[in-house]
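Each chain, written out:
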Amino acid sequence: MSAHTNHSTTEQTSRQPILETEGLTKKFGTLTAVNNVSLTVSPDTISSIIGPNGAGKTTLFNLFTGAFGPTRGEIRFKGKDIAGTSPHSIVRQGIVRSYQITNFFDELTALENIRLAAQAPYTGFRARDFTKHYTAVDQAMEDAHRILERIELDHVAEQTASSLSYGQRRHLEIGISLASDPDLLLMDEPTAGMSPEETNEAVELVEEIAADTTLIIIEHDMEIVMDISDQINVMNDGELLASGTADEIRNDERVQKAYLGTGDE
Ligand SMILES: Nc1ncnc2c1ncn2[C@@H]1O[C@H](COP(=O)(O)OP(=O)(O)OP(=O)(O)O)[C@@H](O)[C@H]1O
Ligand SMILES: [Mg+2]
């Protein structure tokens, strides 16, 4: 497993959180999927969200991206309350979610897919931005090449997305997220369905991305979680059971009882 050096704690505490929730709650009818969650994410860190199936992890992401409005509570991103803000506006403010569901164009090349995604932030979709397109195309092409290198797909730049391996397609999805230049990237089970080799590559990529983007990851593989996380948030039954470093979480009795002890999956 790779050697990620956790960021300095003193540095973290001296800085404003990039994301902060307070009493965040989401109900679906009588079911409380996210229950009174108050958590803090420091900039330039990797945070994990772990917990059994149905614990509310993905729902939490859906609240961060604006897919759902909270039933109650606050979400502050870079100091600003974003609860109830539209998904489109939240992306522009810098929260991007990497989807497992492939949302790229199979018949376009890896490079073309990234370039299309990279162009959106420059041009927007409004008619009055149309003249920006000229410079945007060059800029987007530059960005696309840089991103392809970063996700280690530069050697398959001219191959169609459909011809890439499963692992490569997952890298491409991450590349498309990076094209929006996120300040906070959310990844829901980035290693799901991967072979051990693909998993190692994905973990390396995650750590590389974390060098200049804050990451929140939902991950079931405890070895990966313990290895890469600056902070681990344990959810159970909609509630935030504990937050802390890998050591703090390992030694937390409530976590052991509710989650680790029972053996996930
Ligand atoms: N759109 C929805 N409508 C109704 N109930 C929902 C909806 N989304 C999630 N739920 C319910 O909320 C609870 C939390 O679900 P969520 O998907 O957030 O769990 P999770 O921790 O991501 O689980 P998993 O590890 O299986 O992905 C579950 O009981 C789920 O059935
Ligand atoms: Mg989930």
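The sections below set out a description of the structure shown in this document.

Rules used in this analysis
- Residues numbered from 1 in each chain as written.
- Chains lettered and ligands numbered in written order.
- Predicted model: local features only at pLDDT ≥ 70, side-chain atom pairs only at ≥ 80, totals over all residues.
- Heavy atoms only, no water.
- Near = heavy atom within 4 Å.
- Polar contact = N/O pair within 3.5 Å; in protein donor to acceptor, adjacent residues only side chain to side chain.
- Areas by Shrake-Rupley, 256 points an atom, 1.4 Å probe, with all protein chains shown as cover.
- Patch = residues over 30% accessible without salt bridge, like charges linked within 9 Å, V, L, I, M, F, W, Y side chains within 5 Å.
- Salt bridge = Lys/Arg side-chain N within 4 Å of Asp/Glu carboxyl O.
- Lys, Arg positive; Asp, Glu negative; His and termini not counted.
- Charge placed at Lys NZ, Arg CZ, Asp CG, Glu CD.
- Helix = DSSP H or I, 4+ residues; strand = E, 2+ residues; numbered from the N terminus.
- Buried < 20%, exposed > 50% of the residue type's maximum accessible area, 1.4 Å probe, protein only.
- Phe/Tyr/Trp six-rings, centres within 6.5 Å; stacked < 30°, edge-to-face > 60°.
- Contact = heavy atoms within 4.5 Å.
- Pairing = 2+ DSSP bridges.
- Right-handed = clockwise from strand over helix to strand, strands pointing away.
- Axes fitted to C-alpha atoms, helices over the stretch in contact; angles between N-to-C directions.
- Core = buried A, V, L, I, M, F, W, Y, C linked by side-chain atoms within 4.5 Å.
- Domains from an automatic or database assignment.

## A look at the site of ligand 1
The local shell around ligand 1 holds 14 residues, among which Asn53, Gly54, Lys57, Thr58 and Thr59 are the closest. A distance of 3.1 Å separates an oxygen atom of ligand 1 from a polar atom in the backbone of alanine 55. Glycine 56 places a main-chain nitrogen or oxygen 3.0 Å from an oxygen atom of ligand 1. Summarising the interface, the protein chains cover 62% of the accessible area of ligand 1, which totals 640 Å² for the free molecule.

## A closer look at a negative patch on the surface
Judged by side-chain charge, Glu149, Glu152, Asp154, Glu197, Glu201 and Glu204 come together as a negatively charged surface patch. Sorting elements by how many residues they give to the negative patch places helix H7 (residues 196–209) first, with three residues. Checked against the element boundaries, glutamate 197 lands in helix H7.

## Some points on unusual backbone geometry
Here asparagine 36, not a glycine, exhibits a phi torsion of approximately 55°, which is positive. Turning to its location among the elements, asparagine 36 is positioned in strand E2 (residues 31–37). Residue glutamate 189 is not a glycine yet carries a positive backbone phi of 50°. Relative to the assigned elements, glutamate 189 resides in the loop between strand E8 (184–188) and H7. Given a relative accessible area of 23%, glutamate 189 falls into the partly exposed group.

## Some words on the packing of aromatic side chains
Tallying each qualifying case throughout the model produces two aromatic pairs. Both rings, one in phenylalanine 28 and one in phenylalanine 68, keep their centres 5.3 Å apart while their planes meet at 80°; by these two values the pair is edge-to-face. With phenylalanine 28 in strand E1 (residues 19–28) and phenylalanine 68 in the loop between helix H2 (57–64) and strand E5 (72–77), this pair connects stretches of sequence that are 40 residues apart. Residue phenylalanine 28 is classed as partly exposed on the basis of its relative accessible area, which comes to 35%. Arranged with centres 6.4 Å apart and planes meeting at 40°, the rings of phenylalanine 61 and phenylalanine 64 form a pair that is tilted. One end of the pair, phenylalanine 61, and the other, phenylalanine 64, are both in helix H2, three residues apart, so they sit about a helical turn from each other. For phenylalanine 61, a relative accessible area of 0% gives the class buried. Its relative accessible area of 0% is what places phenylalanine 64 among the buried residues.

## Digging into the environment of isoleucine 147
Mapping isoleucine 147 onto the fold places it in helix H5 (residues 133–150). In the structure, isoleucine 147 is positioned 25 residues away from leucine 172 in sequence and 9.5 Å away in space, judged by C-alpha atoms. Setting aside anything within four residues of it in sequence, one finds isoleucine 147 in contact with Ile114, Gly175, Leu178 and Ala179.

## A look at the pairing of strand E9 (residues 214–218)
Within a regular strand, the side chains alternate between the two sheet faces. Along E9, five of the five residues are buried, which leaves the element largely enclosed by surrounding structure. In this structure, strand E4 (residues 46–50) lies alongside E9, joined through four bridges in parallel fashion. If you follow serine 48 over to E9, its bridge partner there is isoleucine 217. Taken together, the five bridges between E8 and E9 define a ladder with parallel strand orientation. When the sheet's bridge partners are listed, methionine 187 is paired in E9 with isoleucine 217. At this point the chain moves from E8, through H7, to the parallel E9, and the crossover so formed is right-handed.

## Some remarks on the sheet that holds strand E11 (residues 239–244)
Sheet architecture is open: six strands sit in the order E7-E8-E9-E4-E10-E11, paired in mixed fashion. Looking at strand neighbours, the two that pair on one side only are strand E7 (95–98) and E11, the edges of this open sheet. Along the sheet, successive strands turn relative to each other by an average axial angle of 20°, direction set aside. Along the sheet face, H2 touches E4, E7, E8, E9 and strand E10 (231–236) and points at about 145° away from the line of E9. In the packing of H7 onto the sheet, the strands contacted are E4, E8 and E9, and the crossing angle to E9 comes to about 150°.

## Thoughts on the nonpolar core
Side chains that are nonpolar tend, in soluble globular proteins, to be buried together. Formed by 34 residues in total, the largest nonpolar core has its most connected members in Ile114, Leu148, Leu172 and Leu215. Where this core is concerned, the elements lending two or more residues are helix H4 (110–123), H5, helix H6 (166–178), E8, H7, E9 and helix H8 (222–228). With five residues, the top contributor of residues to this core is H4. Of the domains in this structure, domain 1 (14–94 + 183–265) and domain 2 (106–181) are the two that each give at least three residues to this core. Not counting the four nearest positions on each side in its chain, isoleucine 114 is found in contact with Ala144, Ile147, Leu148, Ile151, Leu172, Gly175, Ile176 and Ala179. Of all hydrophobic cores here, the second largest spans 23 residues; its members include Val41, Leu60, Phe77 and Met235.

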